[in-house]
Amino acid sequence: MLVTRHFRTLAIVVSFALAAPGAALARTQPQGTVDDVRLSELSGLAVSPSDPTRYWAHNDSGNPAELFALDRAGHVLAQVRITGATAFDWEDIAAFTLRGKPYLAIADTGDNLRWRDVLEIVVVREPAPQRASDGLVLDPAWTLHWRLPAGARDIEALAADAARAQFWMVEKTDGDPTLYRLPLQAQGTVLAQAVGTLQLGAACHVASKPCARAGRVTALDFDRAAQQALLLTAQGAYWYRRAPAQDWRQAFASVPVFIPLPRLRQPEALAFDADGKGFTISSEGRKAPLLHVDLPARH
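Residues numbered from 1 in each chain as written. Predicted model: local features only at pLDDT ≥ 70, side-chain atom pairs only at ≥ 80, totals over all residues. Heavy atoms only, no water.

Chemist: Give me the lowdown on the overall build of the protein chain, citing residues and values where you can.
Modeler: Along its length, the protein chain carries three helices and 24 strands. The buried share among the 299 residues of the protein chain stands at 57%. The long-range fraction of contacts in the protein chain, counting pairs at least 24 apart against all pairs at least 6 apart in sequence, stands at 54%. For the protein chain, the accessible surface area stands at approximately 12,500 Å², while carbon and sulfur atoms represent 51% of it. (Helix = DSSP H or I, 4+ residues; strand = E, 2+ residues; numbered from the N terminus. Buried < 20%, exposed > 50% of the residue type's maximum accessible area, 1.4 Å probe, protein only. Contact = heavy atoms within 4.5 Å. Areas by Shrake-Rupley, 256 points an atom, 1.4 Å probe, with all protein chains shown as cover.)

Laid out in structure tokens, this is it:
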């Protein structure tokens, strides 16, 4: 859990690039607190594709198939139930716009024991809740059923690139993780493509206080333009930028910029701001803090 004096120190840090390539510090400050008993295991966070002042969030495993709309301070605006979904182990949420319509994709992909043969991504049309508009019910727009090519893995990180009709995922493992790609929509059960191995260790080891290990990836997000990507671990965030001529496979083959972050009890949630200039992180547990991070202006 964060300490108040640590907040104050971080709030006055000015963004700057370190001398060593691949590492940067960023201005971090408290934004709010998620203090609602219905959302005590926050595991996924995304900025609404239609309202930059609203988040969508969900709980971890052992909870109903529900989404929660939050304001920027972490107050619950609405509780939305999804029919036809079991929420076996929801781990991340991605927001995107397809053919002018806003969608939310929930990764039912957690597998700590590595025994699940088929995983799911549940996609719903984004509702437009007003404050205290609980009781909304959604049917999935579609559900993507998929398998991993080399057996079961624990996957807790999902992002969507609607312009390229792709989902991207990262496994949760010690060391440098495998990156996977899936189509946005498909019939039947599809096989994910293992695209490569991320070089997280090469990034965090050049920080001012080098990491003993890169950390296990618990969240992934793309900015709205699909030109930036962020991954979250207990050690910090990893920042990728995609050049106009690159595809994501090429962008993820590079060494990312490592951004050290304040310690959270169990960091599980990350969401890009709508303008792509910063992001918000949070964790599981009661009174989970929402921390806002300004991306370094130059690196």
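Chemist: Any details on the pattern of salt bridges? Residues and values, ideally.
Modeler: On inspection of all chains with the given rule, the structure shows 13 salt bridges. Close ionic contact of Glu-126 with Arg-54 constitutes a salt bridge, the shortest N to O distance being 2.9 Å. A residue pair is termed long-range when its members are at least 10 positions apart, and Glu-126 in the loop between strand S10 (119–125) and strand S11 (136–138) and Arg-54 in the loop between strand S4 (42–47) and strand S5 (55–59) qualify at 72 residues. Among the residues examined, Arg-54 registers a relative accessible area of 8% and is labelled buried. The residue Lys-172 makes a salt bridge to Glu-156 at a minimum N-O spacing of 3.2 Å. You can see Lys-172 sitting in the loop between strand S14 (166–171) and strand S15 (178–183) and its partner Glu-156 sitting in strand S13 (residues 155–161), a full 16 residues away along the chain. Summarising the burial analysis for this pair, Lys-172 and Glu-156 share the class buried. Here the residues in one salt-bridge network are Asp-35, Arg-286 and Lys-287, joined through shared partners. (Salt bridge = Lys/Arg side-chain N within 4 Å of Asp/Glu carboxyl O.)

Chemist: Summarise the sheet that holds S4; cite the residues concerned and give the values.
Modeler: The strand order S4-S5-S6-S7-S11 describes an open sheet built from five strands, whose pairing is mixed. The strands lining the two open edges of the sheet, one partner per strand, are S4 and S11. Within the sheet, the average angular offset between the axes of one strand and its neighbour, ignoring direction, is 30°. (Pairing = 2+ DSSP bridges. Axes fitted to C-alpha atoms, helices over the stretch in contact; angles between N-to-C directions.)

Chemist: Provide a residue-level description of a nonpolar patch on the surface, including the pertinent values.
Modeler: A cluster of nonpolar side chains, contributed by Phe-88, Leu-113 and Trp-115, occupies part of the molecular surface with about 400 Å² of accessible area. By the secondary structure assignment, Trp-115 is in the loop between strand S9 (101–108) and S10. (Patch = residues over 30% accessible without salt bridge, like charges linked within 9 Å, V, L, I, M, F, W, Y side chains within 5 Å.)

Chemist: Now, about the side chain of Ser-48: what can you tell me, with residues and values included?
Modeler: Along the polypeptide, Ser-48 turns up in the loop between S4 and S5. Here the side chain of Ser-48 touches Ser-50 through a polar contact of 3.1 Å, landing on its backbone nitrogen. Residue contacts for Ser-48: discarding those within four places in its chain leaves Arg-54, Tyr-55, Trp-56, Glu-126 and Arg-224. (Polar contact = N/O pair within 3.5 Å; in protein donor to acceptor, adjacent residues only side chain to side chain.)

Chemist: If you had to explain the pairing of strand S7 (residues 76–82) to someone new, which residues and values would you point to?
Modeler: A large share of S7 lies buried, amounting to six of its seven residues. As judged from the five bridges shared by strand S6 (residues 66–70) and S7, these two strands associate in the antiparallel manner. Residue pairing in the sheet places Phe-68 in a bridge with Gln-79 of S7. Once S6 ends, the chain turns through five residues before running back antiparallel as S7, passing Gly-74 with a positive phi of about 100°. Where S7 and S11 come together, three bridges link them in parallel fashion. Pairing of Arg-81 across the sheet is with Val-137, part of S11.

Chemist: Provide a residue-level description of the nonpolar core, including the pertinent values.
Modeler: Side chains of nonpolar character tend, in soluble globular proteins, to be buried together. With 24 residues, the main nonpolar core has Phe-96, Ile-121, Trp-146, Phe-167 and Leu-182 as its most contacted residues. Sorting the residues of this core by element identifies strand S8 (90–98), S9, S10, strand S12 (142–147), S13, S14 and S15 as the ones contributing at least two each. Counting residues in hydrophobic clusters, the runner-up holds 23 residues, among them Ala-157, Trp-168, Leu-179 and Tyr-240. (Core = buried A, V, L, I, M, F, W, Y, C linked by side-chain atoms within 4.5 Å.)

Chemist: Go over the packing of aromatic side chains with me, naming the residues and quoting the values.
Modeler: Tallied over the full model, the rule gives 11 aromatic pairs. Each ring, one from Phe-96 and one from Tyr-103, has its centre 5.5 Å from the other, and the planes form 15°; the classification is stacked. Residue Phe-96 shares its accessibility class with Tyr-103, and that shared class is buried. Centre to centre, the rings of Tyr-240 and Phe-252 are 4.9 Å apart; their planes meet at 65°, and the pair counts as edge-to-face. Linking Tyr-240 in strand S20 (residues 236–241) with Phe-252 in helix H3 (residues 248–252), this pair joins segments that are 12 residues apart in sequence. Overall, the relative accessible area of 2% leaves Phe-252 in the buried class. Clustering of aromatic rings is evident, with ring pairs tying together Trp-168, Phe-222, Tyr-240, Trp-248 and Phe-252. (Phe/Tyr/Trp six-rings, centres within 6.5 Å; stacked < 30°, edge-to-face > 60°.)

Chemist: Tell me about the sheet that holds S14, and please be specific about residues and values.
Modeler: Strand order in the open sheet made by the four strands is S13-S14-S15-S17, with antiparallel pairing throughout. Edge strands, defined here as strands with exactly one partner in the open sheet, are S13 and strand S17 (193–197). The average undirected angle you get between the axes of adjacent strands in this sheet is 25°.

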